[in-house]
Amino acid sequence: MEERFKAIHYERDAGIGPAAMEQFGPAQAEKVRAFHRSFPEYAPTPLADLPHLARELGIAALRVKDESHRFGLNAFKVLGGSYCLGRCVAERLGLDPDSLTFAELTSPEVLAKIDGSTFVTATDGNHGRGVAWTAAKLKQRCVVYMPKGSAAERLENIRRTGADASITEFNYNDTVALARDTAAKNGWTLVQDTSWPGYEEIPLRIMQGYLTMTLETAEQLGGKKPTHVFLQAGVGSMPAAAAAFFANLYGAERPIVTIVESNQADCIYRTAAARDGKIHAVNGDMRTIMAGLACGVPGMTAWELLRRCADNFVSMPDYPAAQGMRILGAPLPGDPRVISGESGASAFGLVTEVLRSPGLKWLKEQLRLDENSRVLCFSTEGATDRANYRRIVWDGAFARGRSVS
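Residues numbered from 1 in each chain as written. Predicted model: local features only at pLDDT ≥ 70, side-chain atom pairs only at ≥ 80, totals over all residues. Heavy atoms only, no water.

**Side note on the pattern of salt bridges**
Okay, so step 1: The final tally for this structure, using the stated rule, is 23 salt bridges.
Okay, so step 2: As a salt-bridge pair, Arg12 and Asp311 come within 2.7 Å of each other at their nearest N and O atoms. Of this pair, Arg12 sits in the loop between strand S1 (6–9) and helix H1 (18–23) while Asp311 sits in the loop between helix H14 (300–309) and strand S10 (312–316); the two residues are 299 residues apart in sequence, bridging distant segments of the chain.
Okay, so step 3: Judged by relative accessible area, which is 33%, Arg12 ranks as partly exposed.
Okay, so step 4: One salt bridge in this structure joins Glu342 and Arg154, with 3.4 Å as the shortest N-O distance. Residue Glu342 is found in the loop between helix H15 (319–329) and helix H16 (346–356), and its partner Arg154 is found in helix H8 (residues 152–159); the two are separated by 188 residues along the sequence.
Okay, so step 5: A relative accessible area of 6% places Arg154 in the buried class.
Okay, so step 6: What emerges from the salt-bridge pattern is a single network uniting Lys31, Arg87, Glu91, Asp98, Glu201 and Arg205. (Salt bridge = Lys/Arg side-chain N within 4 Å of Asp/Glu carboxyl O. Helix = DSSP H or I, 4+ residues; strand = E, 2+ residues; numbered from the N terminus. Buried < 20%, exposed > 50% of the residue type's maximum accessible area, 1.4 Å probe, protein only.)

**With respect to the nonpolar core**
Okay, so step 1: With 96 residues, the main nonpolar core has Ile259 and Phe313 as its most contacted residues.
Okay, so step 2: A per-element tally of this core places helix H12 (residues 237–250) first, with ten residues.
Okay, so step 3: If you look at the next biggest cluster of nonpolar residues, it comprises 41 residues, including Leu62, Ala321, Val351 and Leu363. (Core = buried A, V, L, I, M, F, W, Y, C linked by side-chain atoms within 4.5 Å.)

**What to know about the side chain of Thr45**
Okay, so step 1: For Thr45, the location among the structural elements is in the loop between helix H2 (26–37) and strand S2 (47–49).
Okay, so step 2: When residues no more than four places from it in sequence are discounted, the contact partners of Thr45 are Lys65, Asp66, Glu67, His69, Arg70, Glu216 and Gln220. (Contact = heavy atoms within 4.5 Å.)

**Quick word on the pairing of strand S6 (residues 164–167)**
Okay, so step 1: Bridge count for strand S5 (residues 141–146) against S6 is four bridges, and the pairing is parallel. Within S6, the residue paired with Tyr145 across the bridge is Ser166.
Okay, so step 2: In this fold, the crossover linking S5 to S6 by way of H8 has right-handed handedness. (Pairing = 2+ DSSP bridges. Right-handed = clockwise from strand over helix to strand, strands pointing away.)

**Here we look at helix H9 (residues 172–186)**
Okay, so step 1: In this model H9 runs 21 Å from its N-terminal to its C-terminal C-alpha over 15 residues, within 8% of the 21 Å that 1.5 Å per residue would give.
Okay, so step 2: Residues Tyr172, Asn173, Thr175, Val176, Ala177, Ala179, Thr182 and Ala183 constitute the buried set of H9.
Okay, so step 3: Of the residues flanking the end of H9, it is Gly187, one or two places downstream, whose phi is positive at about 75°. (Expected span 1.5 Å × (residues − 1).)

**Topic: the sheet that holds strand S3 (residues 61–66)**
Okay, so step 1: Strand order in the open sheet formed by seven strands is S1-S10-S9-S8-S11-S3-S2, and the pairing between neighbours is mixed. Pairing within the sheet leaves two strands with one partner each, and these edge strands are S1 and S2. Going across the sheet, the axis of each strand differs from the next one's by a mean of 20°, ignoring polarity.
Okay, so step 2: Pairing geometry for S3 and strand S11 (residues 374–379), over six bridges, is parallel. Counterpart to Asp66 in the pairing with S11 is Ser379. (Axes fitted to C-alpha atoms, helices over the stretch in contact; angles between N-to-C directions.)

**As for the environment of Leu47**
Okay, so step 1: By the secondary structure assignment, Leu47 is in strand S2.
Okay, so step 2: For the pair Leu47 and Ser379, spaced 332 residues apart in sequence, the C-alpha to C-alpha distance is 9.7 Å.
Okay, so step 3: Among residues more than four places away in sequence, those in contact with Leu47 are Arg63, Val64, Lys65, Thr217, Gln220, Leu221 and Leu376.

**Side note on the packing of H2 against helix H4 (residues 78–93)**
Okay, so step 1: Between H2 and H4, the shortest axis-to-axis distance is 10 Å and the interhelical angle comes to 90°. The angle between the axes of H2 and H4 places the two elements in the roughly perpendicular class. Contacts between H2 and H4 pair Gln28, Val32, Phe35 and His36 from the former with Leu79, Ser82, Tyr83 and Gly86 from the latter.
Okay, so step 2: Grouping the amino acids of the contact of H2 with H4 by side-chain chemistry returns four nonpolar, four polar and no charged. (Parallel < 35°, antiparallel > 145°, perpendicular 65-115°, else oblique. Nonpolar A, V, L, I, M, F, W, Y, C, P; charged D, E, K, R; others polar.)

**Side note on the side chain of Ser346**
Okay, so step 1: Relative to the helices and strands, Ser346 is located in helix H16.
Okay, so step 2: Relative accessible area serves as the criterion here: at 0%, Ser346 is assigned to the buried category.
Okay, so step 3: In this structure, Ser346 is in contact with Gln232, Val260, Met290, Leu293, Met316 and Ala321, ignoring residues within four places of it in sequence.

**Here we look at the environment of Leu79**
Okay, so step 1: One can find Leu79 in helix H4.
Okay, so step 2: Residue Leu79 is classed as buried on the basis of its relative accessible area of 0%.
Okay, so step 3: Residues Leu79 and Gly130 lie 51 residues apart in sequence; the distance between their C-alpha atoms is 7.5 Å.
Okay, so step 4: Excluding anything up to four places from it in sequence, Leu79 contacts His36, Glu67, Arg70, Gly209, Tyr210, Thr212 and Met213.

**Considering the sheet that holds strand S4 (residues 118–122)**
Okay, so step 1: Ordered in space as S6-S5-S4-S7, the four strands form an open sheet in which the pairing is parallel. Two strands in the sheet have a free side with no partner beyond their single neighbour: S6 and strand S7 (189–190).

**Focus on the packing of aromatic side chains**
Okay, so step 1: What the rule picks out here adds up to 14 aromatic pairs.
Okay, so step 2: With a centroid separation of 5.5 Å and 35° between ring planes, the pair formed by Phe39 and Phe71 is classed as tilted. Placement of the pair is Phe39 in the loop between H2 and S2 and Phe71 in the loop between S3 and H4, with a sequence separation of 32 residues. Each member of the pair, Phe39 as well as Phe71, carries the same accessibility label: buried.
Okay, so step 3: Measuring from centroid to centroid gives 6.1 Å for Phe246 and Tyr250, while their planes differ by 10°, and the two rings are stacked. In this pair, Phe246 and Tyr250 both sit in helix H12, four residues apart, roughly one turn of the helix.
Okay, so step 4: Linked through ring pairs, Phe35, Phe39, Phe71, Tyr83, Phe102 and Trp133 together constitute an aromatic cluster.
Okay, so step 5: Above the face of the Trp196 ring, Arg180 is positioned so that its terminal group lies 6.0 Å from the ring centre.
Okay, so step 6: Positioned above the aromatic ring of Trp394, the side-chain terminus of Arg390 is 5.9 Å from the ring centre. (Phe/Tyr/Trp six-rings, centres within 6.5 Å; stacked < 30°, edge-to-face > 60°. Lys NZ or Arg CZ within 6 Å of the ring centre and 35° of its normal.)

Without other data, these values stay purely geometric and don't point to any function.
Encoded structure:
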């Protein structure tokens, strides 16, 4: 596949709809964060301010939410998995899901009632680790399937939680199908962050779990509203939740939202570009360093939000993600260091490449980036594959002009 920058612009929809207003607004975000706050491991993750880099790039401000500190699991995904499992248990036992706490979930009375449950999921690593970690907290069994090519370190991190985890011979799409079919066969609970007709409630709860991250960010900004938000996408759950939250929070003054994907797994870009109301998939191996984004089918619920809340959809080569990792890991004097993985640095990498490359002036103009821009990015993971992190940051793997090998 030829690797190049591609971009589609969407005119803003009249509104995001009353359901999304309720499901992804600040009030719902407060409920979600209250649940996460009840965990002993909870602490807000830092919002890194990079004023010197912003000046170097010719914009007014650049901030990066650093999710490598989340719950000691090095990625944001645990927010979705933990909230979803908590809701599942609450609804199964008739508990009030809006006042549920970690202490109640792990009480002997609740654990006795849910004994014997099995949760199953497909993952490239971070989502599965979050689900497995939460299942372990609830003393429940967890089965995790990973697509071929998954990093051994990510597999071992999941196994250390006590989950039954394995790497399959399938790509991500087919690994999701395996998890779905296995859950149906055994009567297990499928905890997947992508939705399809008939499977919508659990993905919605996972998406809502990510609202803790966006609510923290809004508060940390201290009233300094960003003009631009860049969000990387796999199936689209995180960027859809974030875009809907900011649309709720800022209304007509909401930031310009840009969705970022790898050329090798740009199912949301293809769906946006088709403009035919249908979901468009990417099949095959999806050979990208952005393992967390190597998903071939957009979530149905996520796409419905993105088509209303996102302004731009960008498909890009792998090298900007690697570049983003290096820039964050070796900041300008006075700026904080952020350890970001291949998927975590992808949207940030796009921003730096667009602002540094004269050949991308067309994209800079389309994204409406200028000296007044206040940019917000989310580094959604740290170095979850440390060997590959060193290969990229130390040895310069996947530099500009090099393709995936």
